Amino acid sequence: MKFMFLNLSNISVNYAGQSSPAVNQVSFGLPAGDIGVLIGPSGCGKTTLLRAVAGLERIDAGSIKLGGELVSQVGTSVAPEARQVGMVFQDYALFPHLNVGRNVAFGIDHLPSNQRAARVAEVLALVGLADQTSRFPHELSGGQQQRVALARALAPRPRLLLLDEPFSNLDVDLRERLAHEIRGILKAAHTTALFVTHDQLEAFAVGDMIGVMHQGSLHQWDTAYSLYHRPATRFVAEFIGHGVFAPAVIKLVDGEVAVQTPLGDLTDMSECPLPCAFAGGACDVLLRADDIVHDDDAPVKAQILRKAFRGADFLYTLRLATGETVMALVPSHHDHTLGEWIGIRAQVDHVVTFNRDCPKSHDHVCRMPCEHIAASGEVTQPVLWHAQVPSGAARSLGQATT
Ligand SMILES: Nc1ncnc2c1ncn2[C@@H]1O[C@H](COP(=O)(O)OP(=O)(O)OP(=O)(O)O)[C@@H](O)[C@H]1O
Ligand SMILES: [Mg+2]
């Protein structure tokens with residue numbers, strides 16, 4: 001098994017006076033050199049988790065290992081300064097009276113001056129500010145200041161770099177550019193990093209692995225592709241991308257999976273994850289805005305409830321005659337009016353379904369085997385249906401639906 005440079009095992013953090021833990025039984029591993037991203041709504045515990053990794057917050061359960069060394073467990077905690085962890089926070093506070101070079105040199109004053117100067121030059125070159133050494137923070141743009149803060153954190157060669165919403169006070173354009181840049185910089189420095197954001201595009205641009213958190217729990221720790229196409233919980237499915245669930249029925253037709261939805265049958269899909277067996281095939285299917293195609297000839301019509309202009313496309317919120325609401329991304333030259341009925345069809349390659357009997361609450365984190373099915377004595381293994389390998393999966397599905 002791959003060695004995890006940072007390893008969290010079932011960690012919990014409870015703040016005094018709070019009824020529920022800020023971080024609840026979180027486990028994940030990050031290999032050396034990888035960038036992990038934590039994403040989730042405000043108050044879900046991202047900063048608390050980062051502070052626990054830094055040694056600034058004691059943990060109430062579980063353990064944290066860094067480079068194989070146990071740094072946190074109940075009753076023991078290696079001091080923050082002994083962990084060799086670097087941090088960049090939202091309010092990165094450069095020293096205003098020190099120039100760029102001296103700001104960056106701040107954490108490496110134990111080095112002989114020639115080595116210190118060389119290291120400052122090296123990290124400033126890495127963040128693209130080699131020629132700005134003698135400038136003062138107020139003479140730099142917000143993005144340049146943020147890169148100085150990054151250089152300052154990298155200078156002592158931390159074993160792990162923690163970044164907590166480092167771009168949140170920058171404007172959107174700059175954030176997007178910096179997100180791509182920072183990935184390049186961290187990779188060039190061979191730095192293992194854990195990055196917190198609540199911006200999905202930023203998470204996708206920066207992370208090798210992404211963790212989605214909600215109310216202290218980690219719902220999924222996965223690649224961006226898998227989070228999008230194989231969400232482990234309803235919360236992840238709705239949080240990543242714009243989507244709604246619609247009632248559907250999974251059927252096996254001639255050994256092929258078909259999902260009957262209010263928009264017609266979905267067939268010819270490349271993948272249909274079946275997290276667990278569904279009694280009678282009854283499930284909820286995720287319909288994302290980019291799965292819904294506007295087509296005047298489609299037999300299914302929907303009425304426009306809301307529309308949002310997004311430049312290249314409109315995000316339409318639509319209501320079907322059967323009452324379900326769906327969203328659709330439609331190229332912006334199709335400028336329809338509110339209340340108008342337009343033709344739509346679903347075009348889904350990766351179909352995401354959840355057991356209709358499962359709790360709809362976002363607090364619910366699916367664990368396999370499914371406890372709801374276990375209660376009824378019909379436990380089945382999770383199945384991932386691929387168009388190319390229908391045999392075994394189709395058999396399982398057959399058992400599940402017949
Ligand atoms: N020092 C503290 N004492 C008590 N409760 C706290 C403390 N710090 C955070 N909390 C609570 O713990 C929960 C998690 O907070 P945390 O700051 O980790 O969230 P976050 O995911 O970083 O949110 P945001 O995206 O807004 O920064 C919240 O309910 C918060 O109110
Ligand atoms: Mg925070």
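In what follows, the accompanying structure is described. Keep in mind the model is a prediction, meaning the values are calculated, not measured. (Residues numbered from 1 in each chain as written. Chains lettered and ligands numbered in written order. Predicted model: local features only at pLDDT ≥ 70, side-chain atom pairs only at ≥ 80, totals over all residues.)

1. What to know about the overall build of the protein
Here is the rule we go by: To qualify as a helix, a DSSP run of H or I must reach at least 4 residues; to qualify as a strand, a run of E must reach at least 2; elements of each kind are numbered from the N terminus. Here a residue counts as buried when 20 or more other C-beta atoms sit within 10 Å of its C-beta, as exposed when there are 12 or fewer, and as partly exposed otherwise, the C-beta atoms being derived from the backbone. Throughout, a residue-residue contact means that the two C-beta atoms, derived from backbone geometry, are no farther apart than 7 Å.
Each helix and strand in the protein was counted, giving 10 helices and 23 strands. Burial analysis of the protein (402 residues in total) assigns 40% to the buried set. Taking as baseline every contact in the protein between residues at least 6 positions apart, the subset at least 24 positions apart corresponds to 67%.

2. Observations concerning the packing of helix 4 (residues 142-154) against helix 5 (residues 172-188)
Note the threshold: Here the axes come from fitting lines to C-alpha atoms, over the contacting stretch only for helices, and the angles between their N-to-C directions go from 0 to 180 degrees. The labels follow the angle: roughly parallel below 35 degrees, roughly antiparallel above 145, roughly perpendicular from 65 to 115, and oblique for the rest. Handedness of a crossing is defined here by the sense of rotation of the near helix relative to the far one, left-handed for an anticlockwise turn of less than a right angle and right-handed for a clockwise turn. The nonpolar class holds Ala, Val, Leu, Ile, Met, Phe, Trp, Tyr, Cys and Pro. Asp, Glu, Lys and Arg form the charged class, and all remaining residues, Gly among them, are polar.
Where helix 4 contacts helix 5, the axes come no closer than 11 Å and their chain directions differ by 25 degrees. One element, helix 4, and the other, helix 5, form an angle in the roughly parallel class. Along this stretch, helix 4 crosses helix 5, giving a crossing that reads as right-handed. Here G142, G143, Q146 and L150 of helix 4 lie close against helix 5, whose contacting residues are L174, L178, I182 and I185. Split into classes, the residues belonging to the contact of helix 4 with helix 5 amount to five nonpolar, three polar and no charged.

3. A short note on the site of ligand 1
Note the threshold: In this text, near has one meaning. A residue is near a molecule or strand if its C-beta atom, placed using the backbone, is within 6 Å of it.
Close contacts around ligand 1 come from Y15, Q18, A22, G40, S42, G43, C44, G45, K46, T47, T48 and H198, and that covers them all. Partitioned by chemical class, the residues of the shell around ligand 1 number three nonpolar, eight polar and one charged.

4. Remarks on the sheet that holds strand 9 (residues 193-197)
Our working definition: Pairing between strands is defined by DSSP: at least two bridges between them are needed.
Taken together, six strands build an open sheet; the order of strands is 7-8-9-3-10-11 and the sheet is mixed. Looking at strand neighbours, the two that pair on one side only are strand 7 (85-89) and strand 11 (217-222), the edges of this open sheet. With strand direction ignored, the average angle separating the axes of adjacent strands in the sheet is 15 degrees. Here strand 3 (residues 35-39) runs beside strand 9; their pairing, made up of five bridges, is parallel. Within the sheet, the bridge partner assigned to L38 lies in strand 9 and is V196. The strands touched by helix 4 are strand 7 and strand 8 (160-164); relative to strand 7, the strand with the most contacts, the crossing angle is about 170 degrees.

5. Section: the sheet that holds strand 5 (residues 69-73)
Sheets are built from strands paired through backbone hydrogen bonds, the pairs being either parallel or antiparallel. As summarised here, the arrangement of the five strands in space is 2-1-4-5-6, forming an open sheet in which the pairing is antiparallel. Bordering the open sheet on either side are strand 2 (23-30) and strand 6 (76-77), each of which pairs with just one other strand. Across five bridges, strand 1 (residues 6-13) lies against strand 2 in antiparallel orientation. Counted as the bridge partner of L8 is F28 from strand 2. Contacts from helix 1 (residues 46-54) reach strand 1, strand 2, strand 4 (61-66) and strand 5 within the one sheet, and its direction differs from that of strand 2 by about 60 degrees.

6. Structural notes on the nonpolar core
Rule in force here: Here, a nonpolar core means buried Ala, Val, Leu, Ile, Met, Phe, Trp, Tyr and Cys residues linked by C-beta atoms lying within 7 Å of one another. Domain limits in this description derive from either an automatic procedure or a database domain assignment.
Grouped together as the largest cluster of nonpolar side chains are 103 residues, with contacts concentrated most on A151, L162 and L194. Take this core: its biggest share by element is six residues, from helix 4. Viewed by domain, this core spans two of them, domain 1 (6-229) and domain 2 (243-401), each represented by three or more residues. Contact partners of A151, with chain neighbours within four places excluded, come to V104, V123, L124, L126, V127 and L129.

7. Examining helix 5
Definition in use: An expected span of 1.5 Å times one less than the residue number is assigned to each helix.
End to end, helix 5 covers 25 Å across 17 residues, agreeing with the expected 24 Å (1.5 Å per residue, within 8%). Taken residue by residue, helix 5 has R175, L178, A179, I182, I185 and L186 as its buried positions. Elements in contact with the buried residues of helix 5: strand 3, helix 3 (113-126), helix 4, strand 9 and helix 6 (200-206).

8. Concerning the environment of Q25
Assignment of secondary structure puts Q25 in strand 2. According to the C-beta neighbour criterion, Q25 is partly exposed, with 15 such atoms within 10 Å. Separated by 17 residues in the primary sequence, Q25 and L8 have C-alpha atoms spaced 9.4 Å apart. Not counting residues up to four positions away in its chain, the partners in contact with Q25 are N10, S12 and S217.

9. Thoughts on the pairing of strand 4
Inspection of the sheet shows strand 1 paired to strand 4 by five bridges, in the antiparallel sense. If you follow S12 over to strand 4, its bridge partner there is A61. Judged from the four bridges that link them, strand 4 and strand 5 form a sheet pairing that is antiparallel. Residue pairing in the sheet places L66 in a bridge with E69 of strand 5. Counted along the chain from strand 4 to the antiparallel partner strand 5, the turn is two residues long, and its residue G67 has a positive phi close to 60 degrees.

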